[in-house]
Amino acid sequence: MTSSNHHHVSHIAIIMDGNGRWAKERGLPRAEGHRAGAESIREVTEACIELGVKYLTLYAFSSENWNRPKAEVDALMKLLDRFLDDKAAELDKQKIRLQAIGDLDRLPAATRKRLDRIQERTKNHQTMTLVLALSYGAREEITAAVRAIAKAAVAGEISPDQIDGELIAQHLYTKDIPDPDLLIRTSGEMRVSNFLLWQISYSEIVIVKKMWPDFRQADLFAAVEEYNKRHRRFGAL
Ligand code: IPE
Ligand code: IPE
Ligand code: MG
């Protein structure tokens, strides 16, 4: 690991927050905020391609979001279906690989099917990987990893002494994805909300006041500029 300045950003993770408040400020139903947020996703994806970013991870739906009223959960799933239907051809054309992380079995079967199809269709694309965190919770992810490792130990496949950070990372949904360099959260909230707890250990965090539906390319570029000013030391001198 190096401590050089202007470390290239290869992975940006975003907690897309503030859709509901954006809608409320305009006297609109919350679902309108979620709908408007889709345009921000398009903008950010374009900006990342321009910057040569290799991974863009978007927190779209958390494990805890299942606890929202059923009408909102249904609206979000419907928007997700529409997003996947609208995006499939575009992602394919832009050579973007789509990957979903999270407890995907909890998603409606039709949504799951769409995800499977689009992941299969784009699996060899190299421009960038767009990672959608859906039904995702970091504690659930780590818990599942611990369970799998314990089973392997009990089965005699590994010895407890072999358990190290690398082995744990290999049991996470993100096993083939490098850790985020930069974590952005919109709407001004200063918390992580169960997102990528293991993976963001050394990520630079940038909090943006704007609500997610107002987030544009210029905001992404500004966040990357802020990242470039930081001096990542990874605990060393
Ligand atoms: C983020 O916006 C989108 C999801 C969590 C699905 P919110 O829905 O959390 O909007 P606020 O934070 O209530 O404004
Ligand atoms: C985090 O936002 C989850 C997503 C952006 C998908 P929330 O709005 O759900 O989180 P809290 O309630 O502010 O912690
Ligand atoms: Mg929120």
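Scoring rules and cut-offs
Residues numbered from 1 in each chain as written. Chains lettered and ligands numbered in written order. Predicted model: local features only at pLDDT ≥ 70, side-chain atom pairs only at ≥ 80, totals over all residues. Heavy atoms only, no water. Near = heavy atom within 4 Å. Polar contact = N/O pair within 3.5 Å; in protein donor to acceptor, adjacent residues only side chain to side chain. Areas by Shrake-Rupley, 256 points an atom, 1.4 Å probe, with all protein chains shown as cover. Helix = DSSP H or I, 4+ residues; strand = E, 2+ residues; numbered from the N terminus. Phe/Tyr/Trp six-rings, centres within 6.5 Å; stacked < 30°, edge-to-face > 60°. Buried < 20%, exposed > 50% of the residue type's maximum accessible area, 1.4 Å probe, protein only. Patch = residues over 30% accessible without salt bridge, like charges linked within 9 Å, V, L, I, M, F, W, Y side chains within 5 Å. Salt bridge = Lys/Arg side-chain N within 4 Å of Asp/Glu carboxyl O. Contact = heavy atoms within 4.5 Å.

### Thoughts on the site of ligand 2
Then, number 1: Taken together, the residues surrounding ligand 2 are I15, M16, D17, Y59, A60, F61, S62, N65, R68, R185, R191 and S193.
Then, number 2: Contact between ligand 2 and R68: an oxygen atom at 3.3 Å from a side-chain N or O atom of the residue.
Then, number 3: At 3.0 Å, a side-chain N or O of R185 approaches an oxygen atom of ligand 2.
Then, number 4: Protein coverage of the free-state accessible area of ligand 2, which is 390 Å², stands at 78%.
Then, number 5: Counting residues per element, the shell around ligand 2 draws most heavily on strand 2 (residues 55-62), which supplies 4 residues.

### Quick word on the packing of aromatic side chains
Then, number 1: Going through the model one piece at a time under the given rule, you end up with 7 aromatic pairs.
Then, number 2: Ring geometry for F61 against W66: centres 4.8 Å apart, planes inclined by 70°, an arrangement best described as edge-to-face. Of the two residues, F61 and W66, neither departs from the other in class, the shared state being buried.
Then, number 3: Grouped by ring-pair contacts, the aromatic residues Y59, Y136, Y173 and F195 constitute a single cluster.

### A word on the site of ligand 1
Then, number 1: Taken together, 13 residues form the shell around ligand 1, and within it D17, G20, R21, R30 and R68 come nearest.
Then, number 2: The side chain of R30 places a nitrogen or oxygen atom 2.9 Å from an oxygen atom of ligand 1.
Then, number 3: For ligand 1, an oxygen atom lies 2.7 Å from a polar atom in the side chain of R68.
Then, number 4: Within the complex, 87% of the 380 Å² of free accessible area of ligand 1 lies under protein.
Then, number 5: Contributions of two or more residues to the shell around ligand 1 are made by helix 1 (19-25), helix 2 (30-51) and helix 3 (70-93).

### Regarding a nonpolar patch on the surface
Then, number 1: On the surface, a nonpolar cluster with roughly 300 Å² of combined accessible area is contributed by M190, I205 and I207.
Then, number 2: Mapped onto the secondary structure, I207 falls in strand 6 (residues 204-207).
Then, number 3: Given the relative accessible area of 31%, I207 is considered partly exposed.

### What about the pattern of salt bridges?
Side-chain pairing between opposite charges can occur once the charged atoms of the two side chains come close.
Then, number 1: According to the stated counting rule, one finds 23 salt bridges in the structure shown.
Then, number 2: The residue R21 makes a salt bridge to D17 at a minimum N-O spacing of 3.2 Å.
Then, number 3: Judged by its relative accessible area of 31%, R21 falls in the partly exposed class.
Then, number 4: For the salt bridge of E25 with R26, the shortest nitrogen-to-oxygen distance reads 3.5 Å.

### A look at the environment of V206
Then, number 1: Relative to the helices and strands, V206 is located in strand 6.
Then, number 2: Along the chain, V206 and S159 lie 47 residues apart, while their C-alpha atoms are 40 Å from each other.
Then, number 3: The contact partners of V206, leaving out residues within four places of it in the chain, are L182, L183, I184, R185, A223, E226 and R230.

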